[in-house]
Amino acid sequence: KGPSSYYYAHSAERDDHRVEDVAPTPLDAAAAPRSKPRVALRRYAFADEGSTVTVTLELPAGAAAEDASVSHDEASLSVDVDAPGAVHALRLPTENGPFFRGIASVRTRALP
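Residues numbered from 1 in each chain as written. Predicted model: local features only at pLDDT ≥ 70, side-chain atom pairs only at ≥ 80, totals over all residues. Heavy atoms only, no water.

**A look at unusual backbone geometry**
For the bond from Leu 92 to Pro 93, the omega torsion is 5°, close enough to zero to count as cis. Summarising the element assignment, Pro 93 is placed in the segment after strand S6 (86-92). (Helix = DSSP H or I, 4+ residues; strand = E, 2+ residues; numbered from the N terminus.)

**Brief notes about the pairing of strand S3 (residues 52-57)**
Side-chain positions along a regular strand alternate between the two faces of the sheet. In the sheet, strand S2 (residues 44-49) pairs with S3 via 6 bridges, with the strands oriented antiparallel. Each residue of the ladder has a partner; that of Ala 47, found in S3, is Thr 54. (Pairing = 2+ DSSP bridges.)

**Considerations on the nonpolar core**
Counting residues in each nonpolar core, the largest one holds 10 residues, listed as Leu 41, Ala 63, Leu 77, Val 79, Val 81, Ala 83, Leu 90, Leu 92, Phe 100 and Ile 103. Counting residues per element, the ones that place at least two in this core are strand S5 (77-83) and S6. Top contributing element to this core by residue count: S5, with 4 residues. When near neighbours in sequence (up to four residues on either side) are disregarded, Leu 90 contacts Leu 41, Tyr 44, Val 55, Leu 57, Leu 77, Ser 78 and Val 79. (Core = buried A, V, L, I, M, F, W, Y, C linked by side-chain atoms within 4.5 Å. Buried < 20%, exposed > 50% of the residue type's maximum accessible area, 1.4 Å probe, protein only. Contact = heavy atoms within 4.5 Å.)

**Some words on the side chain of His 88**
Following the sequence through the fold, His 88 ends up in strand S6. With residues up to four places along the chain from it excluded, the contact list for His 88 reads Val 39, Leu 41, Pro 60, Val 79, Asp 80, Val 81 and Ala 83.

**Points about the side chain of Ser 78**
Tracing the backbone through its elements, the reader meets Ser 78 in strand S5. A residue is classified by how much of its surface remains accessible, and Ser 78, at 15% relative accessible area, is buried. In this structure Ser 78 touches Ser 69, Val 70, Ser 71, Leu 90 and Arg 91, once residues within four positions along its chain are discounted.

Interpretation note: all reported values are geometric properties and have no functional meaning in isolation.
Rendered as structure tokens:
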């Protein structure tokens with residue numbers, strides 16, 4: 001209400017401010033950063049060997065071991081692979097498991 005309202009600012013009786021209908025300017029598509037789509041990694045191997053758990057996954061086409069980032073807390077593990085065209089992600093546990101008793105450390109290595 002009052003002088004800060006939409007209808008007050010756009011009323012025809014006001015002479016001190018002129019509001020023109022201007023079409024919005026489109027943003028340059030090349031200037032806007034595009035994020036890659038996220039794709040779930042659904043194929044992986046999981047082996048529980050007592051105090052050690054091994055998770056093995058095949059990297060997507062065009063991705064190298066350096067493109068993978070791994071993070072974890074005590075009860076979950078996340079792997080993101082920045083591959084051409086998409087970011088492939090693995091999140092454990094899923095709603096069906098596997099469930100961890102406690103993750104103390106994570107090591108990664110590329111298989112030949």
